[in-house]
Amino acid sequence: MSAEQVSSLCEQLVKAVTVIMDPASTQRYRLEALKFCEEFKEKCPICVPCGLKLAEKTQTAIVRHFGLQILEHVVKYRWNNMPRLEKVYLKNNVMGLISSGTQSILEEESHIKDVLSRIVVEMIKREWPQHWPDMLKELDTLSKQGETQTELVMFILLRLAEDVVTFQTLPTQRRRDIQQTLTQNMEKIFSFLLTTLQQNVNKYRRMKTDLAQQPKAQANCRVGIAALNTLAGYIDWVALSHITADNCKLLEMLCLLLNEPELQIGAAECLLIAVSRKGKLEDRKPLMVLFGDVAMHYILSAAQTADGEGLVEKHYVFLKRLCQVLCALGSQLCALLGSDSEVETPTNFGKYLDSFLAFTTHPSQFLRSSTQITWGALFRHEVLSRDPLLLAMIPKYLRASMTNLVKVGFPSKTDSPSCEYSRFDFDSDEDFNAFFNSFRAQQGEVMRMACRLDPRTGFQMAGEWLKYQLTAPVDTGPMNSKTGEGLCSIFSPSFVQWDAMTFFSESVISQMFRTLDKDEIPVNDGIDLLQLVLNFETKDPLILSCVLTNVSALFPFVTYRPEYLPQVLSKLFASVTFEVVEESKFVVSVQAPRTRAVKNVRRHACSSIIKMCRDYPQLVLPNFEMLYNHVKQLLSNELLLTQMEKCALMEALVLISNQFKDYERQKAFLEELMAPVAGLWLSAEMQRVLSDPEAFISYVGADNKIADPVVEDPSGLNRSRISFCVYTILGVVKRARWPAAMEEAKAGGFLVGYLPSGSPIYRNPCTEQVLKLFDNLLALIRTHNNLYMPEMVAKLGETFAKALDMLEVEKNAILGLPQPLLELYDSPVYKTVLERMQGFFCTLYDNCFHILGNAGPSMQQDFYTVEGLAAQLISSAFINLNNIPDYRLRPMLRVFVKPMVLSCPPEYYETLVCPMLGPLFTYLHMRLSQKWEVINQRSMLCEDDAADDNPESQEMLEEQLVRLLTREVMDLITVCCVAKRGAEHNSSVAVDGDDDEAMATDVTPPASAELTELGKCLMKQEDVCTALMITAYASLSWKDTLSCQRTTTQLCWPLLKQVLPGNLLPDAVSWFFTSVLKGLQIHGQHDGCMAALVHLAFQIYEALRPRYAELKVVMEQIPDIQRDSLEQFDSKLLNPTLQKVADKRRKDHFKRLITGCIGKPLGEQFRKEVHIRNLPSLFKKVKPSLETDVLETNEDGEDLTVLFEP
């Protein structure tokens, strides 16, 4: 190939590259130039000489970079077909470029250095050590030429470690060869790295103060940084002995470098990786040298210097690294101390704790939070937790926590030194808020551990802080709350202090009661504090909320002094009716909408009362009459409380009535309590309203047109009456119970008999009352479902056309959009009458189904034997499902169907559960299939203009709802059909879990994934069985990874196993198998899903291939399948006389067969394949096993002789 040809081609390439990189080029020109360059790389036979010419020093950096890219392309994609001499020629020229073809270390562009080191690494990956045994010697020789070459050698060694060990981007055998050769030479490599580091640092230190030598010093500094970066790539995985060799010389050097501003971040990074190493305890022992005087001195002085220079990003990053180093040191100490490795508590432990505390009290919230896990580990440690130095630290740690719990440091504000640091760490206030909430929860955990070791100190500090807050003047800060003049907002200085103090006292007091014996508890001090809190008056809703939490935290003291109970009750009841404006309690006109802060206080007081009655019923029982009279008085004024508040108070009464332990007395009480509800609910007017959708719409006012949607709301009272009834029924069903102890239940008249199995049968005192109201409840559910019929939706008034839609808050929660912080407290609960109406429909719908879901566990056989229950439920809850939106169907499945089915005794499966679930599952499958079809079509028609009337956010919302509904349905089927180990059913699956839930890679389903009795019962009915099987297997190719993984691991195989003994149609078998392969096509890019689906496909093929040859036909359609390998797999599977190969080997073979249908991530779908050939093995081959695999034999049998001469 003549030099002229090379020159003219290079001229064209230079022009093309210039066009590509010139911002002024037109798009057409740029594309043409790009196409020319790409075609040249792919097809031109003279790439190597052109690449080398373009890479010459005389060219511009952009052109040189392109020339080197050409060479990299040649090595990656053409190497296997290049003649030996051309490989040698290329390799020698590239080494020549390193030697003399680059600018000096300070002038050369970093992208040139990067691509040059990549080319060398690509050659090493293909030829070292077999064909290029002297590679390390050559690099050593190059590094002796000077700093420029040494830095490049560092880049090469780092890139090699990353590709081979960290990212593992090459075939197994090559990876093994290279890694083992690296390991064999590690002593040399490590000493080379250390020597390079030491020599360059020494030169740099000598010359950095001499101005004339500045460039030389900078060059040495650059090499030092490169050596540290390269060390960081090796320290992670080499044998610990290399790190601790020579009396831990490496660690000593790293500690020294912590005080060298230019090198300190790299040194801290290396130190962190070294100290975080896991491995045998024995090998980790030398790391304790870092607790020695010298190391500690360097670490602490570096921290002090970095912190003393104010907030500079570089120093702050270094501080974060140092903090991590101290945390990792603490973890190593906890691991080694108390194990059998004879490690003593270091003499500098006190010094270590002091420096660690300095990070916990640093203004940066991020640094403070970084220390928490280690504090927890120290307080939990069996040896260290008894150490006097650590015990002396507890008061200091708790003091620090008192500051750290105060929520300041929002990046948008300037009211604290933390704000400046937060601007480095957080993008927005919402971001910071989310971080702070989890940081606070973590602190709570650690404080409780500290108080386990020293409960009294914590209590004393909580008491002091509480007394201080009770007497401190209120400072609302610059921002006024919208709730009222002179009230706190969530950013007010007073509120953040109250909030922090409340969290602190709650954490330490609860821990003190758990830790101290009864007679050691400081009852007098506790009661004094309680009295101060009860006497404290405030009109500020945010502060009052904190006060109520403190009342609850101190309440356990009342168990020692019951005479204080009436005072506590009075305080709580006063807060139930809390208003900012006094008059509005008595004015019957429509009140100004309450803000969330006010609603929260009232709700808080109600839940405190419920909690008290739930946790201390024996204590409250003597005061039952007083409690009952309080509640009656509040209920007598219809406008005083919201329905939810009324019901909360009634629930509290029901909880106490459970302590009567007398069936007749409790039944009489419940009858009296529910009399007003029964009167309302069973009245002729209510009966008419509940059973006719049109009358219902009119009664609740949804057919009106309202002129002023903020103030006017004529039907509010009607709605509240319906809500009141439904809430009350729910409260009673949820809370009324028989005594837990069988003897007490028997004595109280709750026991009615025994099952054949011997388990007792109880009756619930609320049954009679609730069943009386049951027909109208079902009528309401039927009516509510029918509201979604198009002709009913048309009857909604203009103001309320969207009354059945989701609330904005719900939409945002599903789309994962954060709520603006202030809105949470300052905005009215409902901004408009429309929002109020939406809230009414949503809560009503949910509560009706909560009643049905609780009815089974509550009333048991009395509920399940209601005449024609299945038919009644089908004609109410399951009516008009076609028009019911996904966001309504989800709660129905979760709060009604699932709990009802789970609590139903087996004897009612045939009469109740199967008749209900059969049609439901059939319907759900049909519905989900249609929904997913629409979504798939939508993603295919992305470019279509039809989407204008349906904005993207709406589409996202719909799609996300389909996902959540799918998870709900699959979870319901799994819970019904498959018995998991342990009682996992009760913990309702977090169906709204984020999509990025860690995908479990443990995929073999638990051996005990058997069908439940209910599952077997459902599978006996042909139509239900078909619906279940088709839903489970079809769902594998719906675009929801989480659902696919759960279904694959928990459901698919147990269902199929159940029908295996029968005669399955060949088409059905093919369809099941194809569905799994389709799932692989869609979800194969996710490791967890891929592993689970491969396992399932393997199970199906192994179990069914002997009976159904059709499965082989499916296999043969997989793209790029190796036919001979398939034959081999099949013959082994079908020949029972052959010795069975290990399960893992068979599965790996099967996975290779189906590789063609495993989906890849988008980024890899159009990637050009890189093929790296295996070289003759370095290690003695063992006798080949029975399974010589076609795919694993060497692709080119030629036994190449050594290729690269030194």
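1. Details of the overall build of the chain
The helix and strand tally for the chain stands at 56 helices and four strands. Looking at the chain residue by residue over its 1206 residues, the buried ones come to 53%. Pairs at least 24 residues apart make up 77% of the contacts formed inside the chain by residues separated by at least 6 positions. Taking the average place of the 125 positive charges on the side chains of the chain and the average place of its 148 negative ones, the gap between the two points comes to 3 Å.

2. Things to note about the packing of helix α4 (residues 61-78) against helix α6 (residues 110-127)
Across the interface, α4 lies against α6 with an axial gap of 9 Å and an inter-helix angle of 10°. In terms of orientation, α4 lies roughly parallel with respect to α6. For the pair α4 and α6, the contacting residues are Ala61, Arg64, His65, Leu68, Gln69, Leu71, Glu72, Val75 and Lys76 in the first and His111, Ile112, Val115, Leu116, Arg118, Ile119, Glu122, Met123 and Arg126 in the second. Its residues placed into classes, the contact of α4 with α6 shows nine nonpolar, three polar and six charged.

3. Remarks on unusual backbone geometry
Geometrically, the link from Trp128 to Pro129 is a cis peptide bond, its omega value of 0° lying close to zero. Considering the arrangement of structural elements, one finds Pro129 in the loop between α6 and α7 (135-143). For Asn880, which is not a glycine, the phi torsion comes out positive at approximately 55°. Among the secondary structure elements, Asn880 is positioned in the loop between α44 (869-874) and α45 (886-903). Overall, the relative accessible area of 15% leaves Asn880 in the buried class. In this structure, Asp1120 is a non-glycine residue whose phi angle is positive, near 55°.

4. Brief notes about the packing of helix α32 (residues 663-681) against helix α35 (residues 716-735)
For the pair α32 and α35, the least separation of the axes is 10 Å and the interaxial angle reads 145°. For the element pair α32 and α35, the recorded crossing hand is left-handed. Residues Leu670, Met674, Val677, Leu680 and Trp681 of α32 touch α35, and the partners they reach there are Arg721, Ile722, Phe724, Cys725, Val726, Thr728, Ile729 and Val732. Looking at side-chain class alone, the contact of α32 with α35 contains eleven nonpolar, one polar and one charged residues.

5. Quick notes on helix α2 (residues 27-43)
Given a rise of 1.5 Å per residue, 17 residues ought to cover 24 Å, and the 24 Å separating the end C-alpha atoms of α2 matches this to within 8%. Within the span of α2, buried status applies to Ala33, Cys37, Phe40 and Lys41. In an axial view of α2, the angular spread of the buried residues amounts to 100°, which keeps them on one side of the axis. Exposed and facing more than 90 degrees away from the buried side of α2 are Gln27, Arg28, Leu31, Lys35 and Lys43. Residues of α2 that are buried make contact with α1 (3-21), α3 (47-54) and α4.

6. A word on the pairing of strand β1 (residues 751-754)
One face of the sheet, then the other: side chains in a regular strand alternate in exactly this way. Sheet topology places β1 next to strand β2 (residues 760-762); three bridges connect them, and they run antiparallel. Looking at β2, one finds that Gly753 is bridged to Ile761. Here β1 folds back onto β2, and the loop between the two strands holds five residues, one of which, Gly758, carries a positive phi near 100°.

7. Thoughts on the environment of Gln180
By the secondary structure assignment, Gln180 is in helix α9 (residues 172-184). Judged by relative accessible area, which is 31%, Gln180 ranks as partly exposed.

8. What about the side chain of Ser1043?
You can see Ser1043 is positioned in helix α50 (residues 1041-1059). With residues up to four places along the chain from it excluded, the contact list for Ser1043 reads Thr966, Arg967 and Met970.

9. Remarks on the state of the cysteines
Applying the stated criterion to the full structure yields zero disulfides. No disulfide involves Cys255; its sulfur sits 9.7 Å from the nearest other cysteine sulfur, which is in Cys248. With relative accessibility at 2%, the residue Cys255 sits in the buried group. Cysteine Cys977 remains unbridged, with the sulfur of Cys976 as its closest cysteine sulfur at 5.8 Å. You can call Cys977 buried: its relative accessible area is 0%.

10. Thoughts on the pattern of salt bridges
In this structure the tally under the stated criterion is 54 salt bridges. Arg321 is the partner of Glu269 in a salt bridge, and the nearest nitrogen-oxygen pair spans 2.9 Å. Of the two residues, Glu269 is situated in helix α13 (residues 264-275) and Arg321 in helix α16 (residues 313-336); the sequence distance between them amounts to 52 residues.

11. Quick look at the packing of aromatic side chains
Tallied over the full model, the rule gives 46 aromatic pairs. For the ring pair Phe349 and Tyr352, a centre distance of 6.4 Å and an interplane angle of 15° mean the geometry is stacked. Of the two residues, Phe349 and Tyr352 both sit in helix α17 (residues 349-360), three residues apart, roughly one turn of that helix. What links up through ring pairs into an aromatic cluster is the set Phe291, Phe349, Tyr352, Phe356, Trp375, Phe379 and Tyr397.

12. Things to note about α13
Taking 1.5 Å per residue as the helical rise, α13 with its twelve residues ought to reach 16 Å, and the 16 Å between its terminal C-alpha atoms agrees with that figure. Burial of α13 is extensive: ten of the twelve residues sit out of reach of the surface. Buried within α13 we find Gln264, Gly266, Ala267, Ala268, Cys270, Leu271, Leu272, Ile273, Ala274 and Val275. Buried residues along α13 sit in contact with α11 (214-235), α12 (240-257) and α16.

13. Focus: the environment of Leu466
As for its position among the elements, Leu466 is in helix α23 (residues 455-471). We classify Leu466 as buried; its relative accessible area is 2%. For Leu466 and Arg118, which are 348 residues apart along the polypeptide, the C-alpha to C-alpha distance reads 63 Å. Non-local contacts of Leu466, meaning those with residues more than four positions away in its chain, are made with Met501, Leu529, Val533, Asn550 and Leu554.

14. Topic: the confidence of the model for the chain
In low-pLDDT segments, the atomic positions of the prediction should not be examined closely. Confidence in the prediction of the chain, expressed as mean pLDDT, is 89, and 91% of residues score 70 or more. Note that residues 982-1006 has pLDDT below 50 and, in this model, 41 contacts with residues that lie over four places away or in other chains. Below pLDDT 50 for its whole length, residues 1183-1206 participates in 43 contacts with residues either more than four positions away or in separate chains.

15. What to know about the side chain of Lys646
Counting through the fold element by element, Lys646 comes out in helix α31 (residues 643-657). Sequence-distant contacts of Lys646, that is, excluding residues within four places in its chain, are made with Leu635, Glu638, Leu641 and Phe724.

16. A short note on the environment of Asn883
Examined against the element boundaries, Asn883 turns out to sit in the loop between α44 and α45. Note on Asn883: relative accessible area 33%, which makes it partly exposed. Measuring from C-alpha to C-alpha, the distance between Asn883 and Cys248 comes to 73 Å, with 635 residues separating the pair along the chain. For Asn883, the side chain forms a polar contact with the side chain of Asn880, separated by 2.7 Å.

Here is what the cut-offs are and how they apply
Residues numbered from 1 in each chain as written. Predicted model: local features only at pLDDT ≥ 70, side-chain atom pairs only at ≥ 80, totals over all residues. Heavy atoms only, no water. Helix = DSSP H or I, 4+ residues; strand = E, 2+ residues; numbered from the N terminus. Buried < 20%, exposed > 50% of the residue type's maximum accessible area, 1.4 Å probe, protein only. Contact = heavy atoms within 4.5 Å. Lys, Arg positive; Asp, Glu negative; His and termini not counted. Charge placed at Lys NZ, Arg CZ, Asp CG, Glu CD. Axes fitted to C-alpha atoms, helices over the stretch in contact; angles between N-to-C directions. Parallel < 35°, antiparallel > 145°, perpendicular 65-115°, else oblique. Nonpolar A, V, L, I, M, F, W, Y, C, P; charged D, E, K, R; others polar. Left-handed = near helix turned anticlockwise from the far one by under 90°. Expected span 1.5 Å × (residues − 1). Arc of directions from axis to C-beta. Pairing = 2+ DSSP bridges. Disulfide = S-S within 2.5 Å. Salt bridge = Lys/Arg side-chain N within 4 Å of Asp/Glu carboxyl O. Phe/Tyr/Trp six-rings, centres within 6.5 Å; stacked < 30°, edge-to-face > 60°. pLDDT = per-residue confidence, 0-100. Polar contact = N/O pair within 3.5 Å; in protein donor to acceptor, adjacent residues only side chain to side chain.

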